[in-house]
Amino acid sequence: MSSAIKQGQWAILLWPYLLTTSIPLDCRDEQGGLSRCPSISQEKLLDRVIQHAELIYRVSEESCSLFEEMFIPFPLQLQRNQAGYPCITKALPIPSSKSEIQQISDKWLLHSVLMLVQSWIEPLVYLQTTLNRYDGVPDMLLNKTKWVSDKLMSLEQGVVVLIKKMLDEGLMTTTYSEQGLFQDDGQPEMLEYVMRDYTLLSCFKKDAHKMEILLKLLKCRQNDIHSCA
Amino acid sequence: MKKVLEVILLLLLLVVTHAKGTRYSPPGKPALTRCRSPEKETFTCWWEPGSDGGLPTTYALYYRKESSDTVFECPDYRTAGENSCFFNKNDTSIWVNYNITVVATNALGRTFSDPVDIDVVYIVKPNPPEQVAVTVMEDKGWPFIRVSWEPPHKADTRSGWITLIYEIRVKLEEENDWEMHLAGQQKMFNIFSLRSGGKYLVQVRCKPDHGYWSEWSPSSYVKVPDYFHREKSVWILITVFCAFIFLILTWLLHMNSRSLKHFLLPPVPGPKIKGFDKQLLKNGKSEEVFSALVATDFPPKSSNYEDLLVEYLEVYIPEEQELMLEKSMDLDVGCLKCEGSASDSDSGRGSCDSHTLLMHKCDGVKEEEERQAKEAHGPGYWECGLSNKQPHLLHPQAQAQRQLQARSDDNISSIGRKQTPAGLHSPARRSTEYVEVERVNEEDMVLLQPVSGRCGDVEGYPEMPYGEDYSKVKGVDMDNMLLLQREVREETENCDTSSTVTTTQKPAACIHSAMPVEGEMVLGVNGYVDTATVCTPPTY
C-alpha cells in the first residue's frame, strides 16, 4: 500500500513530464500544411501511451483504497480477492485471458483499449462532482480523481493518434458533454450512493489495469511476436 | 456348515450392534481457505474439509463466472494435491469474477460451503526470484556486494503481462536483524557499507503491482574480504592526534600547576604571631610557647610603646603658680595623677583624656616629683604618667594642688612616660584620681579641681591586692540592684578619713554608703563596676 502511495506520489510529481508527453499526442496533421509539432515515432508514442496507462492504473488504485478506507464500512469492503460489483463495462467484448488476447489482432486490441477509455471518460467526470459533496472528503482523493480524469482524456487522444498511425484510421475523439448517463442525485451519503461510487472506482481500477495490459501486450507484439508467449 | 452360519450370524449381529452404537451425520461444512495464481494465467484453490460425519465423504468444487449462470465443476482435483482444485489456462479468465463453492457429500447428505468471489488478477502470488547471484566487487578500494537475479520463470514479465517489483534483504550470518532494500523493477542491486571480513546472507522476493509478496528465495552466502588496514590507518591518525592534544594539555597544566593548586587547594593560613614558634606548638608544650611569646616581644618594648600608651597630658605650670599651689592647703589635692584605667571604655586612653580629670597631688611625692621634674625637665612640667600597667603613684598625703591650671593648647602634649621614682616606697598599686574642670577663667585657662577621690591617697593606705580597687559585684538582688562588696565600703571609709584632711569638698555621696548602683549603667565592659562611674562627681 505504501509503495503504491509512493508510486502515486511519483506519478503526481511527474505531472509536468506527462503534460509534455501528452502535448505531442495532441497534435494533428493539418490538411495541406506542415504539422506544427514534430512527428513522433510509433514506438515512442506507444511507450508514452503505456506509461500513461500505468500511471492511471496506480493512481486509480490509490483513489479506490482511499475511498474504501474513508467511506465504506468494513464488512462491505472488497476483500483481498477484490471481486467487485458488476461494472458498467462488462458488456464490452474485452478478452479476458492471455490466450485470448494473444489471439486477437492489433486492431482489435487498440479498439478495445479505445472503447474502454471512451466509456470511462464521462463516469469519471461525474465521479468528480459527486465526490465533492461527500462530508470530509480529503483533498488528496479529489486531486487524484481529477488527475485521473484529465489523464484519461489525454490517453484517449494518444490512442486515437496511435490508431491512426498504426491502422491508418481516422477516428473522432469523444466530445465532452455536460449531460451524462448518470443523473446527479442528491444525498450522496446514503449507502446506496456510496456503494455506487465505490463500485465505480473499483471497476475503473480494473479497467485501467486492462488497458495497461493490453497496451503492453501490443507493444510486445510490435517488438517480437514470437517471444511474447 | 452350521458352524459357518453361526459365525456369520454372530458377525452380522456384531455389525448391526456396532452400527447402531455410532452416529452418522451429514458432512460438516467445508471452507475455502485460499486461492492463488502464480502467473496470472492459472490458479489453484484449496479448501478445508469439515467433519465427515463418520461416512466416506466426497468433495466437489463448483464455480460460476461473473456474467453467466452456468455452473461448472472443477476441472482438475489432482494437480495441486489434496483438497484442491487447479484451473488451467483455458479455464482461467482474468478481470472476471469467479463465484466458487465447495460441496461435501456423503451418504446422508451434502453440505455447501460459503461462496467466495475472486478475481484472478488480485490473487497473484508469484514464485520467488530465481538464479540469485551475489558477487563482491570493489569501488576504489571499498568493497560492495552486487546482487542479481531473474524473475520466476513462470511469470511473464517480458511481455508485460506481469510487472514485478523486487525486494532484497541482507544480514550478517551471526546477527538477527535483516536489512531491507526495495529494488523496484530492476534485476540488480548494490549493497554498500559492509563490515570487513563479514559473512552475509542475501535473499530476494518479488510481488506484482497488485498481488501478494512471494516467498523469499533461498539464502545466498557471500564473504566480504578484509580491508582492515584502511580502517587501521584512520585509527592510527586519530590516536596520534589525541596524543598530541594530550601532550599539549599536560604542558599547559604543568605551566599553570601552581595557580591550579591554589585554586583547588587553597593554602591554610598559618599563625602569624611574632615570636610564635610552630615547632614548639607541634611539640605540644604550651608553656614554652607562651613563655617564648612573653620573652620576646610581649609586652612590647619601648619602641612600640607609644602605640600602646595613651597620650600624655602635658600640663604646664609656671613656677610662681607652682609655689602657690604648694602652699595652698585648702585645696583638696591628691597626687597629680592620671591614670588610665583599664576599665575606661574609650580604647585604653587614660582618663586624662576623658572629661573627668581627677588630679590628686601628694605633697611628698609632688615635691619629689617637682624636684625630679625640675631635674629632669627644666620648665617644670608636670608629668602625668598614664599607663595601663604601672601607674604613676604618688604619696597620698602629699600636698596636692587643688587647682591646676592647665594650658589648654600648646602645653598639652604627649611625652614619654616618666619612670616611677625608685625612691618611692609606696606600694605598687593602682588607684584612680580624677580631675574635673571647674571652670574656664577669663584668660582661657581651664581651672581644674579634683574630684573627691576616694581611694589610694590615704597614708597608710592598707595594701590592697592587685585589682581590688575595682568594685566587685557581690550580687544582683531582685530589684535589679547591684550589691557591691564590703571592701568598697571600708575603702570609702578610709577615704573618708583622708578626705577630711585633704579636701574641703563635700565628699562624694558614694563614700558614705554603699550606693546601690543601678546595674546596667555601671557595669563596665569587663563586668566590673567602673569606679569612675561609681564615684559620680557631685554636681555643681
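All figures in this text were calculated on a predicted structure; none of them were measured in a lab.

What counts and how
- Residues numbered from 1 in each chain as written.
- Chains lettered and ligands numbered in written order.
- Predicted model: local features only at pLDDT ≥ 70, side-chain atom pairs only at ≥ 80, totals over all residues.
- Heavy atoms only, no water.
- Helix = DSSP H or I, 4+ residues; strand = E, 2+ residues; numbered from the N terminus.
- Buried < 20%, exposed > 50% of the residue type's maximum accessible area, 1.4 Å probe, protein only.
- Phe/Tyr/Trp six-rings, centres within 6.5 Å; stacked < 30°, edge-to-face > 60°.
- Lys NZ or Arg CZ within 6 Å of the ring centre and 35° of its normal.
- Pairing = 2+ DSSP bridges.
- Axes fitted to C-alpha atoms, helices over the stretch in contact; angles between N-to-C directions.
- Disulfide = S-S within 2.5 Å.

Looking at this model, I keep getting lost on unusual backbone geometry. Mind explaining?
Trans peptide bonds make up the majority, and among non-glycine residues the majority have a negative phi. Residues and elements named next belong to chain B. Positive phi, close to 70°, is recorded for K40, a residue that is not glycine. Structurally, K40 is set in the loop between β1 (31-36) and β2 (43-48). With phi around 55°, S193 is a residue other than glycine that occupies positive phi space. With respect to the helices and strands, the residue S193 is situated in the loop between β13 (188-191) and β14 (199-208). Here S193 falls in the exposed class, since its relative accessible area comes to 73%.

I'm lost on the packing of aromatic side chains in this one. Help?
Any pair of aromatic rings gets described here by the distance separating the centres and the angle formed by the planes. Across all of its chains, the model carries 15 aromatic pairs over all chains by this definition. Taking 6.3 Å as the distance between ring centres and 20° as the angle between the ring planes, the aromatic pair formed by F67 of chain A and Y198 of chain A counts as stacked. Here the residue F67 of chain A occupies a position in helix α3 (residues 42-71), and Y198 of chain A occupies one in helix α7 (residues 191-223), the gap between them amounting to 131 residues. Here F67 of chain A falls in the buried class, since its relative accessible area comes to 0%. Each member of the aromatic cluster is reached from another via a ring pair, and the members are F43, Y63, F72, F87 and Y98 of chain B. Lying over the aromatic face of W161 of chain B, K40 of chain B brings its terminal NZ or CZ to 5.4 Å of the ring centre.

How should I be thinking about the sheet that holds strand β15 (residues 220-223) of chain B in this particular structure?
Remark on secondary structure: sheet strands pair via backbone hydrogen bonds, oriented parallel or antiparallel. All names here are of chain B. What the 4 strands build is an open sheet, ordered β12-β11-β14-β15; its pairing is antiparallel. The strands lining the two open edges of the sheet, one partner per strand, are β12 (179-184) and β15. Ignoring which end each strand starts from, the neighbouring axes of this sheet average 25° apart. When β14 meets β15, the two strands line up antiparallel, connected through 4 bridges. Its bridge partner lying in β15, K199 is registered against K223.

Explain the state of the cysteines to me, please; I cannot follow it from the model alone.
Residue and element names in this part refer to chain B. Enumeration over the complete set of coordinates arrives at 3 disulfides over all chains. With a sulfur-sulfur separation of 1.8 Å, C35 is cross-linked through a disulfide to C45. Taking the sign of the torsion about the S-S bond as the criterion, the disulfide between C35 and C45, at about 110°, is right-handed. Highlighted residues: C35 in strand β1 and C45 in strand β2, separated in sequence by 10 residues. Here C74 is linked by a disulfide to C85, with a sulfur-sulfur distance of 1.7 Å. On the sign convention where negative means left-handed, the S-S torsion of about 115° between C74 and C85 marks this disulfide as right-handed. Taken as a pair, C74 in the loop between β4 (71-73) and β5 (84-87) and C85 in strand β5 lie far apart in primary sequence, 11 residues in all. Taking the relative accessible area as the measure of exposure, C74 reaches 7% and is therefore buried. Classification of C85 by relative accessible area gives buried; the value is 0%.

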